[in-house]
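Each chain is listed here by its residues.
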Amino acid sequence: MPGLRAAARVAAARHGYARPGPRRLRHLLVDGFHEDHWVTEYRLPDGSWRLVDPQVLHPAYGDLGFDPLDVPRDRFLVAGEAWRACRAGDADPETFGFWSVESLRGMWFVRGSLVLDLACRNGVETLPWDGWEPLAGFGDHESLRADDLALLDAVAGARTDEEGRRLYADPRLAPPREILSQSPCFGLRGVTLPQG
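Values in this document were obtained by computation on a predicted structure and should not be read as measured data.

Trainee: For this particular structure, what's the right way to read the overall build of the protein chain?
Mentor: Scanning the protein chain from N- to C-terminus turns up five helices and eight strands. Seen in sequence order, the protein chain has helices and strands lined up from the N terminus as α-β-β-β-β-α-β-α-β-α-α-β-β. Considering the protein chain as a whole, with its 196 residues, one finds that 45% of them fall into the buried category. When contacts within the protein chain are restricted to residue pairs at least 6 apart in sequence, those whose partners lie at least 24 apart make up 53%. By element, 54% of the accessible surface of the protein chain is carried by carbon and sulfur atoms, the whole surface being about 10300 Å².

Trainee: So what exactly am I meant to see when it comes to the environment of Val71 here?
Mentor: Take Val71: it is sitting in the loop between β3 (49–52) and β4 (76–78). With 18 residues separating them in the primary sequence, Val71 and Asp53 have C-alpha atoms 6.9 Å apart. Excluding residues that lie within four positions of it along the chain, Val71 makes contacts with Leu51, Val52, Asp53, Phe66 and Phe76.

Trainee: Which parts of the structure should I look at to understand helix α2 (residues 79–87)?
Mentor: Helical periodicity: at 3.6 residues per turn, an α-helix aligns residues three or four positions apart in one direction. Those residues of α2 that fall on the buried side of the exposure criterion are Ala79, Gly80, Ala82, Trp83 and Cys86. Looking straight down α2, one finds its buried side chains confined to an arc of 160 degrees; they lie on one side. Check the buried side of α2 and you find it contacts β1 (11–18), β4, β5 (96–97), α3 (107–121) and α4 (146–157). Immediately downstream of α2, the backbone of Gly89 shows phi near 80 degrees, a positive value.

Trainee: Mind showing me how you'd approach the nonpolar core here?
Mentor: Looking at soluble globular proteins, one finds that nonpolar side chains tend to be buried together. In terms of nonpolar packing, the biggest core is built from 34 residues, with Trp83, Phe96, Leu152 and Leu173 touching the most fellow members. Looking at this core element by element, the count peaks at 10 residues for α3. Every residue in contact with Leu152, bar those within four places of it in the chain, is listed here: Trp83, Arg111, Leu114, Val115, Leu135, Leu144 and Leu173. Core analysis: the second largest hydrophobic core is formed by nine residues, Val39, Tyr61, Phe66 and Val78 among them.

Trainee: What am I meant to see in the pattern of salt bridges here?
Mentor: Evaluation of the coordinates by the stated rule reveals 11 salt bridges. Between Arg50 and Asp70 there is a salt bridge, and its shortest N-O distance comes to 3.5 Å. Highlighted residues: Arg50 in strand β3 and Asp70 in the loop between β3 and β4, separated in sequence by 20 residues. By relative accessible area, Arg50 is classed as partly exposed at 25%. Arg172 is the salt-bridge partner of Asp170, the closest N and O atoms lying 2.9 Å from each other. Pair check on accessibility: Asp170 and Arg172 agree, each one buried. The network of salt bridges with common partners includes Arg145, Asp147, Asp148, Asp170 and Arg172.

Reading the values: rules and limits
Residues numbered from 1 in each chain as written. Predicted model: local features only at pLDDT ≥ 70, side-chain atom pairs only at ≥ 80, totals over all residues. Heavy atoms only, no water. Helix = DSSP H or I, 4+ residues; strand = E, 2+ residues; numbered from the N terminus. Buried < 20%, exposed > 50% of the residue type's maximum accessible area, 1.4 Å probe, protein only. Contact = heavy atoms within 4.5 Å. Areas by Shrake-Rupley, 256 points an atom, 1.4 Å probe, with all protein chains shown as cover. Arc of directions from axis to C-beta. Core = buried A, V, L, I, M, F, W, Y, C linked by side-chain atoms within 4.5 Å. Salt bridge = Lys/Arg side-chain N within 4 Å of Asp/Glu carboxyl O.

Without other data, these values stay purely geometric and don't point to any function.
Right, here's the structure in full:
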């Protein structure tokens with residue numbers, strides 16, 4: 001993304017899920033499963049937005065049926081869409097996360113994706129395994145209060161940058177100075193973010 005920003009483009013990492021498709025794409029597309037995935041979204045001069053998936057630019061992925069420099073919206077499900085589909089009962093939360101790790105899927109995972117995506121949209125580039133309480137934590141989903149769920153529904157429904165910034169001001173959504181990181185290399189540990 002530094003290259004996009006150097007070209008005076010507005011860009012952000014986006015957290016979401018590779019959508020299942022007719023062709024398996026290595027580990028990203030397993031029939032009926034929405035694999036955790038990150039892409040870059042940037043604004044074009046005409047004001048529209050484009051998704052780019054640098055991971056699948058590698059020749060090992062072969063012919064994808066789409067241009068990874070212009071990922072069709074039906075091939076990547078942003079976290080807000082995943083949240084809305086699961087909340088409405090249109091999608092099974094257990095089909096979102098990591099196919100290879102059963103403990104890393106479900107509604108709590110979709111909730112974390114939603115909050116991480118909002119942070120990225122507001123200039124805080126999280127790592128895929130970052131989290132913080134109460135809403136981006138690694139705990140169970142059932143303990144959330146009705147007002148927490150309403151806030152998350154509002155985040156999933158936010159359509160403008162202004163709406164996203166307003167919601168991100170809620171202390172339940174913005175990352176605190178101390179967060180948790182469940183890195184594949186180091187396991188679960190506390191991390192102190194630099195003050196800025």
